[in-house]
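Observations on the three-dimensional arrangement
Read off the chains here:
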Amino acid sequence: MSPHTPRRGHALAAGLAVTAALALAAGTGTGTASATPATDDAGPTTVTPAGHAFTATLNGEVSFRAGSLTVTCTASSSAPSDGSGNNHVPAAPGNTNPAGPVVSKANAPTYSGCSASLPGVDITIATSGDWDISMQHGTPSTASLTAPARGMVLKSSGLASCTVTAAPDAPAVIPAAFTNGTPSQITVTDVSVPVTVEGGFGCPTTARTAVFNATYDITDVTDPNSQIVVSG
């Protein structure tokens, strides 16, 4: 997928995520991105409706912080695109795994409506590559969002000129919760993601992780009267 760059402006900021949002400073979170999906239940999983297209749309705000800097974005989504099989539940029988998660490819997320508590900072952000959404039935059901290596690069200018690269060395897997509903949701809570930070004065160059929070509605595009459901 081609990079997406949101508008720049006074006190503008952007973050990861979809899966995926970034913080610009190290922090302690309840979850940590890892090389494999985090799940305690490797039982059977079925995702329905088989073959249906879906969007992942931010519900509320995605937020993160950099020291005293608080950043929020009010809009973010990953949607199907023409000529791509991304953002689809796998067709049967691939929508069922007898002993593990069901995985779908997803287009890189886009971001807009972003702001920061620190004035005088402009942000550009590029996302790229295929992202993965892995869904596992359990009590509770879980999801994992996989960001490709260097799949998101954030650059700031103004008071601080920094470059933040997510998953700099390898894909990063971001554990989340999956909740069936109308619509179903994927929720990421205080998850740490590997980053590298480059730049001069004001840039947290010693940071090695970033922490983010977000909730995404998962909406059936093929049949808006249906819901994307994870079952056993």
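Below you will find a few notes about this structure. Note that the structure is a prediction, hence the values are computed from the model and not measured. (Residues numbered from 1 in each chain as written. Predicted model: local features only at pLDDT ≥ 70, side-chain atom pairs only at ≥ 80, totals over all residues. Heavy atoms only, no water.)

Brief notes about the overall build of the chain
Under the convention used in this document: For the purposes of this entry, the term helix denotes a DSSP run of H or I that reaches at least four residues, the term strand denotes a run of E that reaches at least two, and both are numbered from the N terminus. Only protein chains enter the accessibility calculation, which uses a 1.4 Å probe. A residue is then buried if its area is under 20% of the maximum for its type, exposed if over 50%, and partly exposed in between. Methods summary: accessible areas were calculated by the Shrake-Rupley approach with a probe of 1.4 Å, and residue burial reflects only the protein chains presented.
Each helix and strand in the chain was counted, giving 0 helices and 17 strands. With 232 residues in all, the chain has 48% of them scored as buried. Element-wise, carbon and sulfur atoms account for 55% of the exposed surface of the chain, whose accessible area totals about 9,700 Å².

Regarding the pairing of strand 2 (residues 45–48)
Sheet faces and side chains relate simply in a regular strand, where the side chains alternate between the two faces. Going by this rule: Strand pairing follows a simple DSSP-based rule, namely that at least 2 bridges must link the two strands.
By the bridge criterion, 2 bridges tie strand 2 to strand 6 (residues 96–97) in an arrangement that is antiparallel. Counted as the bridge partner of threonine 45 is asparagine 97 from strand 6. Bridging between strand 2 and strand 17 (residues 229–231) involves 3 bridges; their strand directions are antiparallel. Residue pairing in the sheet places threonine 46 in a bridge with serine 231 of strand 17.

Quick look at the pairing of strand 16 (residues 209–220)
Along strand 16, 9 of the 12 residues are buried, which leaves the element largely enclosed by surrounding structure. Pairing of strand 3 (residues 54–58) with strand 16, which is carried by 5 bridges, proceeds in the antiparallel orientation. The residue of strand 16 that forms the bridge with alanine 56 is isoleucine 218. Here 9 bridges tie strand 15 (residues 184–199) to strand 16, and the two strands are oriented antiparallel to one another.

Observations concerning the sheet that holds strand 17
What holds strands together in a sheet is hydrogen bonding between their backbones, with the strands either parallel or antiparallel. With respect to topology, 3 strands assemble into an open sheet ordered 6-2-17, the strand pairing being antiparallel. Looking at the sheet topology across the chains shown, the edges are occupied by strand 6 and strand 17.

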